[in-house]
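Listed here are the chains, written in short residue letters.
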Amino acid sequence: MVFFGNQLTGKMPFKEVFCHPMVRDAYGRKMSKSLGNVIDPTDVITGQNLQKLHNDLRQGNLPEKEIAKAEDGQKKLYPKGIPQCGTDALRFALANYTSGGEWLTGGGDVFADFAGRDINMEIARVEGYRKFCNKLWNATKFCLFRMDLVTLEGKRQQSSFVPNKSHLVSFLLPILDAI
């Protein structure tokens, strides 16, 4: 594409190239419609039962032999279907897969590190991140409630709370002692 575009127009077709990892299934096989192992992101976000996953296989052009093999694979990986994980958990999982955790430890150049890696997409891991995101949300809601910024129902309210250093320290010390 670069050579052809340069030959025809005399200039490069794009200025920046983004390298990203290849998304693979839980077994490390390339996701492919012909293998029937593709995971639709909307199925991960909204959840999907096993029968609907099987029906999606039949809408493509897979031969009956490959459909049977793909259905067996889906039964092993998702016996109860794909659980609803939500967009935040999916984004968090993909971001974590691509970073490899190096940004947490400061090891290496992140851009060089993730370019050659592949993502073995596991729904169980995304579901774990859904639970983690839920814990973050509940902790945030608790803090906002304690600062009188929201009600128990999560509705915003006017507050006389003015954070200052001594108030935050006096609020956090009992929590740290409890831990």
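Cut-offs used in this document
Residues numbered from 1 in each chain as written. Predicted model: local features only at pLDDT ≥ 70, side-chain atom pairs only at ≥ 80, totals over all residues. Heavy atoms only, no water. Helix = DSSP H or I, 4+ residues; strand = E, 2+ residues; numbered from the N terminus. Contact = heavy atoms within 4.5 Å. Areas by Shrake-Rupley, 256 points an atom, 1.4 Å probe, with all protein chains shown as cover. Core = buried A, V, L, I, M, F, W, Y, C linked by side-chain atoms within 4.5 Å. Buried < 20%, exposed > 50% of the residue type's maximum accessible area, 1.4 Å probe, protein only. Phe/Tyr/Trp six-rings, centres within 6.5 Å; stacked < 30°, edge-to-face > 60°. Salt bridge = Lys/Arg side-chain N within 4 Å of Asp/Glu carboxyl O. Axes fitted to C-alpha atoms, helices over the stretch in contact; angles between N-to-C directions. Left-handed = near helix turned anticlockwise from the far one by under 90°. Nonpolar A, V, L, I, M, F, W, Y, C, P; charged D, E, K, R; others polar.

*Asks:* What's the story with the overall build of the protein in this structure? I'm lost.
*Replies:* Helix and strand content of the protein: 9 helices and 2 strands. Counting from the amino terminus, the protein carries its helices and strands in the arrangement α-β-α-α-α-α-α-α-β-α-α. Within the protein, contacts between residues at least 6 apart in sequence are counted, and of these 62% link residues at least 24 apart. When the accessible surface of the protein is split by element, carbon and sulfur atoms take 59% of a total near 13200 Å².

*Asks:* What is the right way to read the nonpolar core from this model?
*Replies:* For soluble globular proteins, the rule of thumb is that nonpolar side chains tend to be buried together. Among the nonpolar cores identified, the biggest contains 17 residues, and Ile-39, Val-44, Tyr-78, Ile-82, Met-121, Ile-123 and Val-126 are the most heavily contacted of them. At the level of secondary structure, the elements contributing two or more residues to this core comprise helix H3 (50-58), helix H5 (87-99) and helix H8 (123-146). Considering each element in turn, this core owes the most residues, 4 residues, to H5. For Ile-82, the residues in contact, after removing those within four places along its chain, are Ile-39, Asp-43, Val-44, Gly-47, Gln-48, Leu-53 and Ile-123.

*Asks:* I would appreciate a short explanation of the packing of aromatic side chains in the present structure.
*Replies:* To describe a pair of aromatic rings, you give the distance between the ring centres and the angle between the ring planes. Applying the stated rule across the entire model yields 2 aromatic pairs. Geometrically, the ring pair formed by Phe-92 and Phe-132 is tilted, given 5.5 Å between the ring centres and 40° between the ring planes. Remark: Phe-132 occurs in helix H8 and Phe-92 occurs in helix H5; sequence separation between them is 40 residues. Taking relative accessible area as the criterion, Phe-92 reaches 32% and is therefore assigned partly exposed. Grouping aromatic residues by their ring pairs yields a cluster made of Phe-92, Tyr-129 and Phe-132.

*Asks:* I tried to follow the pattern of salt bridges on my own but got confused; where do I start?
*Replies:* A side chain with one charge can pair with a side chain of the opposite charge if their charged atoms come near. Tallying each qualifying case throughout the model produces 8 salt bridges. Its salt-bridge partner being Asp-25, residue Arg-29 comes within 2.8 Å of it at the nearest N-O pair. Residue classification places Arg-29 among the partly exposed positions, given a relative accessible area of 40%. Under the relative-accessibility criterion, Asp-25 is labelled buried at 3%. Here Arg-130 and Glu-127 are joined by a salt bridge, their closest N and O atoms 4.0 Å apart. With Arg-130 and Glu-127 both in helix H8 and 3 residues apart, this pair spans about one turn of that helix. The class for Arg-130 is partly exposed, based on a relative accessible area of 28%. Overlapping salt bridges, with partners in common, bring together Arg-58, Glu-64 and Glu-71 in one network.

*Asks:* Explanation requested: the packing of H5 against H8 in the structure shown.
*Replies:* Packed helices, taken two at a time, are described by the angle between their axes plus the distance between the axes. The interhelical angle for the contact between H5 and H8, taken along N-to-C directions, is 115°, at an axis separation of 8 Å. Crossing of H5 over H8 shows right-handed handedness. Contact with H5, carried on its side by Asp-88, Ala-89, Leu-90, Phe-92, Ala-93, Asn-96 and Tyr-97, involves Arg-125, Val-126, Tyr-129, Arg-130, Phe-132 and Cys-133 of H8 and no other residues of that element. Its residues assigned to classes, the contact of H5 with H8 comprises 9 nonpolar, 1 polar and 3 charged.

No statement about biological role is implied by the geometric values presented.
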